[in-house]
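Coordinate analysis (summary)
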Amino acid sequence: MGLVLNIIISGLISGSVYALLAIGFSLVFGVARIVNIAHTAFYMVAAYCIYFVSQKMGFDPMGGVAAAVVLVTLLGMISYKIFINPIREHEGAVLIATIALAIALQEIMLLKFTGTYLSVPSLVKGYFLILGVKVFYQQLLTFCVALGIMAGLWVLLMRTKLGLAIRSTAQDKEVANLMGINEARIALITMGISVGLAALSGAVVVPLAILEPHMWLHPLIMMMAVVVLGGLGSLKGSFIGAFILGFAEALVVFLAPMGAFLKGSVALSIMILVLLIRPEGLFGVSFEEER
Amino acid sequence: MSLIFYYLRKLFTVLKNEVIVLPSRVVVVLFFLFLLLLPVFTEDPYLLRIFTLTSIFAILAASWDLLSGFTGQMNFGHALFFGVGAYGAALLNRHANIPPWGTIPIGALGSVLAGLIIGIPCLRLRGTYLALTTLAFPIILMGIVFALPNLTGGELGISGIARLAGSRVANYYIAAVTMLGLCTVMWKVTDSNTGIIFHAIREDELAVRAAGINTTRYKLLAFCLSGFFAGISGGLYAHFMRIAGPSTLEVSMSFQVVIWAIFGGIVTIYGPVGAVFVLFPLLELLRFWQEYRTLVFAGVVLLILLYMPDGLFPWLRDKIETECPRCKIRNVAIRDTCRVCTAPLD
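We now turn to the structure provided with this report. (Residues numbered from 1 in each chain as written. Chains lettered and ligands numbered in written order. Predicted model: local features only at pLDDT ≥ 70, side-chain atom pairs only at ≥ 80, totals over all residues. Heavy atoms only, no water.)

Describing the overall build of chain B
Scanning chain B from terminus to terminus reveals 16 helices and four strands. Taken over the C-alpha atoms alone, chain B extends approximately 70 × 55 × 50 Å along its principal axes. Across the 346 residues in chain B, those meeting the buried criterion constitute 51%. In chain B, 71% of the contacts between residues at least 6 apart in sequence involve partners at least 24 apart. Accessible surface computed for chain B: about 15,800 Å², of which carbon and sulfur atoms make up 66%. In chain B, 25 side chains carry a positive charge and 18 a negative one; their mean positions are 7 Å apart. (Helix = DSSP H or I, 4+ residues; strand = E, 2+ residues; numbered from the N terminus. Buried < 20%, exposed > 50% of the residue type's maximum accessible area, 1.4 Å probe, protein only. Contact = heavy atoms within 4.5 Å. Areas by Shrake-Rupley, 256 points an atom, 1.4 Å probe, with all protein chains shown as cover. Lys, Arg positive; Asp, Glu negative; His and termini not counted. Charge placed at Lys NZ, Arg CZ, Asp CG, Glu CD.)

Here we look at the packing of aromatic side chains
Between two aromatic rings, the relevant description is the distance of the centres plus the angle of the planes. All names here are of chain B. Counted by the stated rule, this structure contains 17 aromatic pairs over all chains. With centroids separated by 5.9 Å and ring planes inclined at 80°, the aromatic side chains of Phe76 and Phe255 adopt a geometry described as edge-to-face. One end of the pair, Phe76, is in the loop between α3 (45–70) and α4 (79–96); the other, Phe255, is in helix α13 (residues 251–264), with 179 residues separating them in the sequence. Judged by its relative accessible area of 3%, Phe255 falls in the buried class. With centroids separated by 5.2 Å and ring planes inclined at 50°, the aromatic side chains of Phe82 and Tyr237 adopt a geometry described as tilted. With Phe82 in helix α4 and Tyr237 in helix α12 (residues 215–241), this pair connects stretches of sequence that are 155 residues apart. Taken individually, Phe82 and Tyr237 each receive the classification buried, so the pair is uniform in this respect. Taken together, the aromatic side chains of Phe57, Phe82, Tyr237, Trp260 and Phe280 make up a single cluster linked through ring pairs. (Phe/Tyr/Trp six-rings, centres within 6.5 Å; stacked < 30°, edge-to-face > 60°.)

Topic: the interface of chain B and chain A
Facing the 37 residues of chain B at the interface are 45 residues of chain A. Sorting the residues of chain B by area buried against chain A places B:Tyr129, B:Leu132 and B:Leu302 first, and these three jointly supply 18% of that buried surface. Linking chain B with chain A are two residue pairs in polar contact (both at pLDDT 80 or more), by the criterion used here. For the side of chain B that touches chain A, the secondary structure elements donating two or more residues are α6 (127–134), α7 (136–147), α13 and α15 (293–307) of chain B. Looking at the side of chain B that touches chain A residue by residue, the classes come out as 29 nonpolar, four polar and four charged. (Buried area = accessible area lost by both parts, 1.4 Å probe. Polar contact = N/O pair within 3.5 Å; in protein donor to acceptor, adjacent residues only side chain to side chain. Nonpolar A, V, L, I, M, F, W, Y, C, P; charged D, E, K, R; others polar.)

Overview of the pairing of strand β2 (residues 133–136) of chain A
Consecutive side chains of a regular strand alternate in pointing toward one face of the sheet and then the other. All names here are of chain A. Side chains Val133 and Val135 of β2 all project onto a buried face; the interleaved residues Lys134 and Phe136 project onto a face where none is buried. Sheet topology note: the strand β1 (residues 127–130)/β2 ladder contains four bridges and is antiparallel. Residue Phe128 lies in a different strand from β2, and its bridge partner there is Val135. Hairpin connection between β1 and β2: a loop of two residues separates the two successive antiparallel strands, and Leu131 in this loop has a positive phi of roughly 50°. (Pairing = 2+ DSSP bridges.)

Side note on the nonpolar core
If you look at the biggest cluster of nonpolar residues, it comprises 180 residues, and the most contacted ones within it are A:Ile37, A:Leu211, A:Met224, B:Phe57 and B:Met179. Per element, the largest residue contribution to this core is 15 residues, and it comes from α3(B). With residues up to four places along the chain from it excluded, the contact list for B:Met179 reads B:Phe31, B:Leu35, B:Ser55, B:Ala58, B:Ile59, B:Val273 and B:Phe277. Residues B:Tyr87, B:Val145, B:Ile161 and B:Ala238 belong to the second largest nonpolar core, which totals 11 residues. (Core = buried A, V, L, I, M, F, W, Y, C linked by side-chain atoms within 4.5 Å.)

Comments concerning α13(B)
All names here are of chain B. Taking 1.5 Å per residue as the helical rise, α13 with its 14 residues ought to reach 20 Å, and the 20 Å between its terminal C-alpha atoms agrees with that figure. Counting buried positions along α13 gives 12 out of 14 residues, so the element sits mostly inside the fold. Within α13, the full set of buried residues consists of Val251, Met253, Ser254, Phe255, Val257, Val258, Ile259, Trp260, Ala261, Ile262, Phe263 and Gly264. Positioned one or two residues after α13, Gly265 has a phi angle of 110°, which is positive. (Expected span 1.5 Å × (residues − 1).)

Re the packing of α3(B) against helix α14 (residues 270–285) of chain B
Residue and element names in this part refer to chain B. It is the contact of α3 with α14, at a shortest axis distance of 8 Å, that shows an interaxial angle of 140°. Accordingly, the angle class assigned to the pair α3 and α14 is oblique. For the pair α3 and α14, the sense of crossing is right-handed. Facing α3, whose interface residues are Tyr46, Ile50, Phe51, Leu53, Thr54, Ser55, Phe57, Ala58, Ala61, Ala62 and Asp65, α14 presents Pro272, Val273, Val276, Phe277, Phe280, Pro281 and Glu284. Taken together, the residues of the contact of α3 with α14 break down into 14 nonpolar, two polar and two charged. (Axes fitted to C-alpha atoms, helices over the stretch in contact; angles between N-to-C directions. Parallel < 35°, antiparallel > 145°, perpendicular 65-115°, else oblique. Left-handed = near helix turned anticlockwise from the far one by under 90°.)

Examining the environment of B:Arg124
Relative to the helices and strands, B:Arg124 is located in the loop between α5 (100–122) and α6. B:Arg124 gets classed as partly exposed once you look at its relative accessible area, which sits at 38%. As for B:Arg124 and B:Thr216, which are separated by 92 residues in sequence, their C-alpha atoms are 9.0 Å apart. Contact partners of B:Arg124, with chain neighbours within four places excluded, come to A:Leu276, A:Ile277 and A:Pro279.

Structural notes on the state of the cysteines
Counted according to the given criterion, the structure contains zero disulfides over all chains. Just so you know, B:Cys183 is unpaired, no disulfide at all, and the nearest cysteine sulfur is the one on B:Cys224, 19 Å from it. (Disulfide = S-S within 2.5 Å.)

Some remarks on the pattern of salt bridges
Residue and element names in this part refer to chain B. Evaluated as defined, the whole model comprises eight salt bridges over all chains. Arg209 is the partner of Glu205 in a salt bridge, and the nearest nitrogen-oxygen pair spans 3.9 Å. Linking Glu205 with Arg209, this pair stays in helix α11 (residues 205–210), spanning four residues, or about one helical turn. Of the residues examined, Arg209 reaches a relative accessible area of 41% and is grouped as partly exposed. Among the ionic pairs, Glu321 bridges to Arg317, the shortest N-O distance being 3.3 Å. Looking at Glu321, the relative accessible area reads 1%, which means it is buried. (Salt bridge = Lys/Arg side-chain N within 4 Å of Asp/Glu carboxyl O.)

A few points about α12(B)
All names here are of chain B. For α12, spanning 27 residues, the distance from its first C-alpha to its last is 38 Å, which sits close to the expected 39 Å at 1.5 Å a residue. Burial analysis of α12 places 20 of its 27 residues in the buried class, the great majority of the element. Once α12 finishes, Arg242 follows within two positions and takes phi at roughly 65°, a positive value.

Remarks on a nonpolar patch on the surface
Residues and elements named next belong to chain B. Together, Val29, Leu30, Leu33, Leu36, Leu37, Val40, Phe41 and Val177 line one region of the surface with nonpolar side chains, adding up to about 730 Å² of accessible area. Counting residues per element, the nonpolar patch draws most heavily on helix α2 (residues 23–41), which supplies seven residues. Note on placement: Val177 falls in helix α9 (residues 168–191). Val177 gets classed as partly exposed once you look at its relative accessible area, which sits at 44%. (Patch = residues over 30% accessible without salt bridge, like charges linked within 9 Å, V, L, I, M, F, W, Y side chains within 5 Å.)

In short, geometric facts, not functional conclusions.
Structural data, given as structure tokens:
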């Protein structure tokens with residue numbers, strides 16, 4: 001019974017983090033058609049930012065979270081303006097620009113904080129027991145905050161004018177432009193929201209994770225798998241896909257021998273199996289004109 | 001005797017009429033000569049080692065271009081082919097004691113098989129879906145490698161593989177000549193009928209299918225061809241480094257290939273090769289700056305892309321050559337009239 005509960009907790013936590021990352025990634029892909037490889041690199045930068053503000057400068061951890069989200073969002077928008085916006089027509093160039101950006105961020109963090117493993121203490125201490133399994137308050141907090149952010153994002157996208165503009169740009173850029181929506185500005189704002197989401201997921205996950213400059217690679221792969229599994233551009237798909245892969249990972253880690261090595265492989269194999277049956281992902285909108 | 005003179009005269013005429021007239025062709029000839037004559041001038045082991053590795057990676061970058069540049073099937077998991085080639089060659093060498101000239105082609109056939117296996121599910125996907133899905137395959141294989149440490153050596157990899165050849169110079173020549181040969185073959189393939197169909201698939205797959213061409217078969221062919229060349233480079237790498245480790249399957253390896261190819265300019269073959277010969281020695285040149293070198297590398301890539309989004313080599317080529325508006329033949333930029341049809345160039 002304890003094992004089942006462990007699997008559920010671990011699956012819910014990694015699922016909600018993947019969902020946050022995947023929704024941001026999928027949002028900017030939908031609106032600006034940018035495959036942002038640097039997405040999880042921003043998540044890594046946010047985690048380091050919290051570490052720096054709360055551990056090195058001695059501020060309150062909550063202050064660290066706020067500073068991280070604001071700074072990383074600004075960083076994302078600036079790098080979008082400088083490096084990605086001028087070459088947006090060239091799909092391949094954007095791709096390696098984001099890869100190079102991710103590598104550059106990783107190297108800067110490596111220079112600043114070296115490659116040693118760091119950690120940040122939990123925002124809230126303590127745990128409670130369910131059926132003899134320790135559930136840390138931090139885990140509960142991470143899960144709740146992730147759900148809260150997703151609910152907030154849903155309200156933003158579905159209930160506000162900005163959300164309407166974002167959704168219509170994602171649907172048809174030209175027509176959105178004709179309707180008086182400033183497409184370039186919407187792309188910039190979406191990039192900001194997306195990077196902000198990455199920063200927030202970094203913030204909620206940092207007390208549970210180990211900080212090192214390569215920590216963006218595994219989430220990157222899982223995030224991409226989630227996005228493909230759920231269907232590109234579908235937020236509902238990203239949400240469900242994230243929990244499917246999160247639970248798959250948790251199951252493999254707890255049940256299979258050598259599970260830690262195989263967790264990525266199994267999750268990715270599930271993605272490929274789903275794609276064999278439904279090439280556009282679970283909830284994918286097939287962009288007919290792009291085929 | 002007269003036959004030799006005939007061929008010499010022919011060579012001379014070709015040189016005079018076809019090579020000297022275009023700076024890009026002169027550069028290619030000089031590049032061939034440079035690679036073939038390098039050990040005559042220096043036998044510095046460090047330099048030879050760098051150029052051997054550069055040649056090996058040039059094959060890899062060109063094979064990515066053959067698949068992703070020409071057919072437009074964005075492959076983010078090119079490390080899979082490289083890794084399968086390397087592990088295949090290493091396993092055959094260690095367990096079956098087959099010498100390198102046997103293991104490398106057989107390992108490459110393993111990569112062709114890998115190309116078929118990933119090609120079949122991936123052919124139903126397009127664009128970004130394909131790119132993100134292919135990223136998964138090397139990671140799946142890496143998981144398997146880690147889970148079977150008895151066979152694959154796990155994290156440490158398979159070491160103690162036979163040398164490529166006895167001496168450094170021989171190693172160098174094997175890598176360089178294979179690279180020049182294979183890249184010429186790839187360039188020829190892309191220039192042939194098949195290559196034109198590949199290119200057409202990239203531009204408009206529906207139109208190609210409407211023309212009665214089985215695009216699925218051609219895309220699968222592209223996966224296999226690219227896998228074969230990448231597998232050869234993987235095998236060469238394993239025998240040169242004498243180790244086949246999980247680093248050959250890493251995500252950064254796949255990204256590296258994409259960076260090289262797009263930096264040099266896709267749909268050219270010569271672009272990725274040139275890019276490896278610029279970027280790989282550059283990274284080595286920065287070695288005295290150990291901590292900063294990857295950062296500088298990323299910075300160079302970002303800056304060059306801002307000014308040349310189509311890649312470095314097509315940009316350079318457009319600067320020194322112009323296309324005749326009438327007969328579409330390329331000319332040196334300084335000419336006023338076309339060298340073939342004498343139409344004025346603007």
